[in-house]
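The chain contents come next:
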Amino acid sequence: MKEIIFYGGFAFALPIGILAAVSSRVVREAVFVALIISTSAPYLVDINLMGRPWYRGTTRGIEISYLDAFAIILLVSTILTRRQDSWRYPAAAGVLPNGQPLDARGVFWPVAFLPMVLYFAWASVTVLVSYPHIFGVFELSKIVRGLIVFTAVAWFVRGPREIRLLVYGLFGAAFYVTARALQQRYIMGSHRVCLPFAHPNLLSMYCCAIAPVALAVSLSDLSNRIRSLSILVTVMMVGCVLLSISRTGYATIILTIGLTLASILGLRLNARNLVVVIGILMVGSGMLYKSWDSVMGRLGTTNLEQEYMEGGRGRGMYIRLARLISDEHPLGIGLNNWSWYVSGTFGEDEAGNVQIPYHSTDEPPDNPNPQLPAPPAPAHNLAALPLGE
């Protein structure tokens, strides 16, 4: 019943939303900002088609959410109104990377779109030649959703006005994420926060994506109001990474902030920017001092030798499994098939724990002994997972 209601509402809202967005530039801009902000809560209203909630994969169904509605409305309305916007708002036409005016009669090829399409094509091949197909289809659907969002935003942003809207949308998402993280830490009493996401690592990576953008804006020539907000957002995103207690998040935020400073300060080295950078570093150092016990407690749980030692259950186990898989399947075992393949191929892991295999793509695995571990999770390593799949 809920599927009928959701898809009925989805089918009803799309044409009305597209019509409203085509008729009004203000509506299109509102949809754009809503799309950016909604990335901070993608599962607020969503549904899984052909869902397999018991499968331990990176995607457990064909996911559709309100975020997809915003993306489709924005993409279609932007395509239909390109000539109209160029005539009414000449400054909105923008320019291509080579400095040439953007032709409003057509569409341009966004930067980095080709590698994404090639990745999708290769992923589709691995799904076609592997078994089972259904879990790979789940993952392919998520790639398609990402391509739609990416294309919609790339085609909509044409000039300074849209860039400001993008910045304000990211800032709105940052304030929401920070509010939920603080709520979970200081009101709900959680030591390691993840809200509004399902896992602390998701929170940290989201913040690591916004922080360098906010830092770059703080060192730009935009208005004082935007620059002041961007300084605050940068500090908030660093604080959320600290609250997530994510080891990868710590390394990533240091790397992204460092690369952003290295790429910008050489071009915009002045007294104001130096004051901004020093101020952000001082506040960040204060937050690090406040969180020092949590940070060191997390980093002290293991070391590189323990993490990658032979026979251990750390990240090294996934790398060794990926090597075994790639030796036998050079083209990969198919997207999202890690848990299925590992549970059915290896009777036990390196630590001697029995692996519960799947017997069907439609039913959860039989587990007569609740004390036995569940089927293996997908590789917790961004190098091992694509190498195997």
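Novice: Quick one: what's the story with the pairing of strand β2 (residues 62-65), residue by residue and with numbers?
Specialist: Side-chain alternation along β2 places Ile62 and Ile64 on one buried face and Glu63 and Ser65 on a second face that is also buried. Note: strand β1 (residues 46-49) against β2, four bridges, orientation antiparallel. Paired with Asn48 across the bridge in β2 is Glu63.

Novice: Tell me about the side chain of Ser218, residues and numbers included.
Specialist: Mapped onto the elements, Ser218 comes out in helix α8 (residues 200-218). Engagement of the side chain of Ser218 in a polar contact is seen with the backbone oxygen of Leu215, the distance being 2.5 Å.

Novice: Before we move on, could you go through the packing of aromatic side chains and cite the residues and values that matter?
Specialist: For the structure shown, the criterion picks out 11 aromatic pairs. Look at Tyr55 and Phe135: their rings are 3.7 Å apart centre to centre, the planes differ by 0°, and that puts the pair in the stacked class. Pair noted here: Tyr55 is in the loop between β1 and β2 and Phe135 is in helix α6 (residues 134-156), with a separation of 80 residues, a long-range link. An identical accessibility class is assigned to Tyr55 and Phe135; each is buried. Note on Phe197 and Tyr206: the rings are 5.1 Å apart at their centroids and 45° apart in plane angle, and the pair reads as tilted. Summarising the burial analysis for this pair, Phe197 and Tyr206 share the class buried. Taken together, the aromatic side chains of Trp54, Tyr55, Tyr131, Phe135, Phe138, Trp340 and Tyr358 make up a single cluster linked through ring pairs. The ring of Tyr186 carries the charged tip of Arg185 above its face, separated from the ring centre by 5.8 Å.

Novice: I'd like to hear about unusual backbone geometry, residue by residue, with values.
Specialist: A cis amide bond, omega 0°, links Tyr131 with the succeeding residue Pro132. Tracing the sequence through the fold places Pro132 in the loop between α5 (113-128) and α6. A cis amide bond, omega 10°, links Leu195 with the succeeding residue Pro196. Positionally, Pro196 belongs in the loop between α7 (160-187) and α8. Backbone geometry places Ala112, a non-glycine residue, at a positive phi of 75°.

Conventions adopted
- Residues numbered from 1 in each chain as written.
- Predicted model: local features only at pLDDT ≥ 70, side-chain atom pairs only at ≥ 80, totals over all residues.
- Heavy atoms only, no water.
- Buried < 20%, exposed > 50% of the residue type's maximum accessible area, 1.4 Å probe, protein only.
- Helix = DSSP H or I, 4+ residues; strand = E, 2+ residues; numbered from the N terminus.
- Pairing = 2+ DSSP bridges.
- Polar contact = N/O pair within 3.5 Å; in protein donor to acceptor, adjacent residues only side chain to side chain.
- Phe/Tyr/Trp six-rings, centres within 6.5 Å; stacked < 30°, edge-to-face > 60°.
- Lys NZ or Arg CZ within 6 Å of the ring centre and 35° of its normal.

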